[in-house]
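The primary structure of each chain is shown beneath.
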Amino acid sequence: MWNLKLRGERASILADALLSVPASPYQKRSLEAALGLFLDLKTKKALHRAHTVSASALSRLLNVYEWDTAACWVTLVQAQWDALLLAARRKHHPRLRLCVDLTSVPKTGRTLPFVRVYNEVYGIHLVVLYAVYGDLKFPLGYRVYRGKGTPSPVRLALELLASVPAEVSRRFDVWVLADSGFESAAFLQGVRDLKFEFVVGVRSTRRTDHPGHVTVEDCAHGSWLHLANWPWEPLTLARLERGERTFFSVASQLLPGDTVAREGARRWAIESFFKEAKHSFGLNRFALRTAQGLDRWVLLVFAAFTLAMLCRADTLSLEQAAEIATRVALPLLIVGRLAVQVWREEEFLRQHGYALTLSRCKR
């Protein structure tokens, strides 16, 4: 994969671009502190835990102030696509895997935006697009599922896939990976209309077009079949045994069953991201009461994860990579934290005959 130093430079450039969006120095300082908080994987994500700014300042940044969140999203996603394209430079037919899935963030409050009951979970339900190429993995975007009478998760997933730039579609062999929640004919056809390949999970009871009542459960591993309500292309069926359960998936290309099973298993990368996003980067800690606050909270989660991923090497944990990303991308925040720590101990140092002065070195 491409040089780690270059990736660190890209992390620094991305952070500078994000911090340049707010026009006010006060808002810029608050955004820097927020990014630092979300990159601190040892700390639970609560506004009062941020360094260098107050909780009320962060609350106003996320809920009140009119800085251009859309510009930050454009900057973040463009940086992610650029990193993927650079990583695939000089590669022959590189394969990009785009995982789509829905994750629910359980909540109890009734004043939070977009809370609904879905799949017996009361909370906020997000459809996420996640890219995997080698050791680079990025969350590229999300949509909120708002319940019955609004666009379905399938439609939201297709909207996210339609946002893939034409340059990426031309450069990569794009495969879409999804679980059985996206097995509908509308999703399969939508993916093919975008000229992407797919490996999608299907229920064991999914009908085929064989005469009689034949489901995918009745078909052999690696067999070719047509689905009853989507008969336009032959698909390859894979069966994957996990304990007492059997999982089924279909691929748009005619491949060996084992190959389809291995490809489908790569979808679990997005499940790992959901786990990290919720328990390390604070996605499940969202408690703001505005839709704008939710969008900006998710932006900070995605941006922090991206910065950490850009600074991650094979030998580093995600927590270590996040620490490096903070030092590489937010050096002034680290200096500010150290200064605050020294000032807090100023009286103690004076009592013991010490005086410290911080000054910037001339370059």
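What you see is a predicted model; the values in this text were computed from it and never measured.

Caption draft 1: Here's a closer look at the nonpolar core. In this structure, Leu 98 and Phe 187 are the most contacted members of the largest nonpolar core, which totals 123 residues. When residues in this core are grouped by element, the largest group, 14 residues, is from helix H10 (residues 291-310). Setting aside residues up to four positions removed in sequence, Phe 187 forms contacts with Val 100, Val 154, Ala 157, Leu 158, Leu 161, Val 176, Ala 178, Phe 182 and Val 200.

Caption draft 2: Layout of the packing of aromatic side chains. Enumeration over the complete set of coordinates arrives at 17 aromatic pairs. Pairing Trp 73 with Tyr 142 gives two aromatic rings, centres 5.7 Å apart and planes at 45 degrees, and the pair type is tilted. Here Trp 73, found in helix H4 (residues 69-87), pairs with Tyr 142, found in strand S4 (residues 136-145); they are 69 residues apart in sequence, far enough to count as distant. You'll find Trp 73 and Tyr 142 in the same group, each marked buried.

Caption draft 3: The environment of Lys 275, seen in detail. Its location among the elements puts Lys 275 in helix H9 (residues 268-279). On the accessibility criterion, Lys 275 (59% relative accessible area) is exposed. The sequence separation of Lys 275 and Gly 134 amounts to 141 residues, and the corresponding C-alpha distance is 20 Å.

Caption draft 4: Quick peek at the packing of H10 against helix H11 (residues 318-329). Put simply, H10 and H11 touch, their axes get as near as 7 Å, and they point 95 degrees apart. With respect to H11, the element H10 is oriented roughly perpendicular. Here Phe 305, Leu 307, Ala 308 and Met 309 of H10 lie close against H11, whose contacting residues are Leu 318, Ala 321, Ala 322, Ala 325 and Ala 329. Here the contact of H10 with H11 is built from residues that sort into 9 nonpolar, no polar and no charged.

Caption draft 5: Structural detail: the confidence of the model for the protein chain. Across the protein chain, pLDDT averages 92, with 98% of residues at or above 70. Ranking the elements of the protein chain by mean pLDDT puts helix H12 (residues 331-344) last with 79 and helix H5 (residues 153-162) first with 98.

Caption draft 6: Seen up close, the side chain of Thr 236. For Thr 236, the position within the fold is in strand S8 (residues 230-242). Within the structure, Thr 236 has its side chain in polar contact with the backbone oxygen of Gln 253 (distance 2.9 Å). Setting aside anything within four residues of it in sequence, one finds Thr 236 in contact with Gly 222, Ser 223, Trp 224, Ser 249, Val 250, Ala 251, Gln 253, Leu 254, Leu 255 and Val 260.

Caption draft 7: Spatial organisation of the side chain of Ser 252. One can find Ser 252 in the loop between strand S9 (245-251) and helix H8 (257-265). At 2.6 Å, the side chain of Ser 252 forms a polar contact with the side chain of Glu 197. Every residue in contact with Ser 252, bar those within four places of it in the chain, is listed here: Arg 192, Glu 197, Phe 198, Glu 233, Pro 234 and Leu 235.

Caption draft 8: A look at the state of the cysteines. Taken as a whole, this structure holds 0 disulfides when the rule is applied. In this structure Cys 72 is not part of a disulfide, and its nearest cysteine sulfur, from Cys 311, lies 18 Å away.

Caption draft 9: Structural detail: unusual backbone geometry. The backbone of Arg 90 sits at a positive phi, close to 65 degrees, despite the residue not being glycine. By the secondary structure assignment, Arg 90 is in the loop between H4 and strand S1 (95-106). A positive phi angle, near 65 degrees, is found at Lys 195, a position not held by glycine. Considering the arrangement of structural elements, one finds Lys 195 in the loop between helix H7 (185-193) and strand S6 (197-202).

Caption draft 10: Representation of the packing of helix H2 (residues 25-39) against H12 in the model. Contact pair H2 / H12: the axes reach a minimum separation of 10 Å and the direction vectors enclose 85 degrees. On the basis of the axis angle, H2 is roughly perpendicular to H12. Between H2 and H12, the contacting residues are Glu 32, Ala 33, Gly 36 and Leu 37 on the first element and Leu 332, Leu 333 and Arg 337 on the second. When grouped by side-chain class, the residues that make up the contact of H2 with H12 number 4 nonpolar, 1 polar and 2 charged.

Caption draft 11: Layout of H7. Of all the residues in H7, the buried ones are Ala 185, Phe 187, Leu 188, Gly 190 and Val 191. For H7, the elements touching its buried residues are S1, H5, strand S5 (173-178), S6, strand S7 (224-227) and S8. Positioned one or two residues after H7, Lys 195 has a phi angle of 65 degrees, which is positive.

Caption draft 12: Up close: the pairing of S5. The buried fraction of S5 amounts to 5 of the 6 residues, a majority that puts the element mostly inside the structure. Inspection of the sheet shows S1 paired to S5 by 5 bridges, in the parallel sense. If you follow Arg 95 over to S5, its bridge partner there is Asp 173.

Caption draft 13: Expanded view of the pattern of salt bridges. As enumerated under the stated definition, the model contains 13 salt bridges in all. Close ionic contact of Arg 267 with Asp 101 constitutes a salt bridge, the shortest N to O distance being 3.1 Å. Taken together, the positions of Arg 267 in the loop between H8 and H9 and Asp 101 in strand S1 put the pair 166 residues apart, joining distant regions of the chain. Like Arg 267, the residue Asp 101 is buried in the burial classification. Glu 271 is paired through a salt bridge with Arg 267; the nearest N and O atoms lie 3.2 Å apart. On the accessibility criterion, Arg 267 (9% relative accessible area) is buried. Within this structure, Arg 95, Arg 97, Asp 173 and Glu 263 form a network of salt bridges that share partners.

Caption draft 14: Summary view of H8. Buried within H8 are the following residues: Gly 257, Val 260, Ala 261, Glu 263 and Gly 264. An end-on view of H8 places all buried positions within 165 degrees of arc, on one side of the element. Elements that come into contact with the buried residues of H8 comprise S1, S5, S6, S8 and S9.

About the thresholds
- Residues numbered from 1 in each chain as written.
- Predicted model: local features only at pLDDT ≥ 70, side-chain atom pairs only at ≥ 80, totals over all residues.
- Heavy atoms only, no water.
- Core = buried A, V, L, I, M, F, W, Y, C linked by side-chain atoms within 4.5 Å.
- Buried < 20%, exposed > 50% of the residue type's maximum accessible area, 1.4 Å probe, protein only.
- Helix = DSSP H or I, 4+ residues; strand = E, 2+ residues; numbered from the N terminus.
- Contact = heavy atoms within 4.5 Å.
- Phe/Tyr/Trp six-rings, centres within 6.5 Å; stacked < 30°, edge-to-face > 60°.
- Axes fitted to C-alpha atoms, helices over the stretch in contact; angles between N-to-C directions.
- Parallel < 35°, antiparallel > 145°, perpendicular 65-115°, else oblique.
- Nonpolar A, V, L, I, M, F, W, Y, C, P; charged D, E, K, R; others polar.
- pLDDT = per-residue confidence, 0-100.
- Polar contact = N/O pair within 3.5 Å; in protein donor to acceptor, adjacent residues only side chain to side chain.
- Disulfide = S-S within 2.5 Å.
- Pairing = 2+ DSSP bridges.
- Salt bridge = Lys/Arg side-chain N within 4 Å of Asp/Glu carboxyl O.
- Arc of directions from axis to C-beta.

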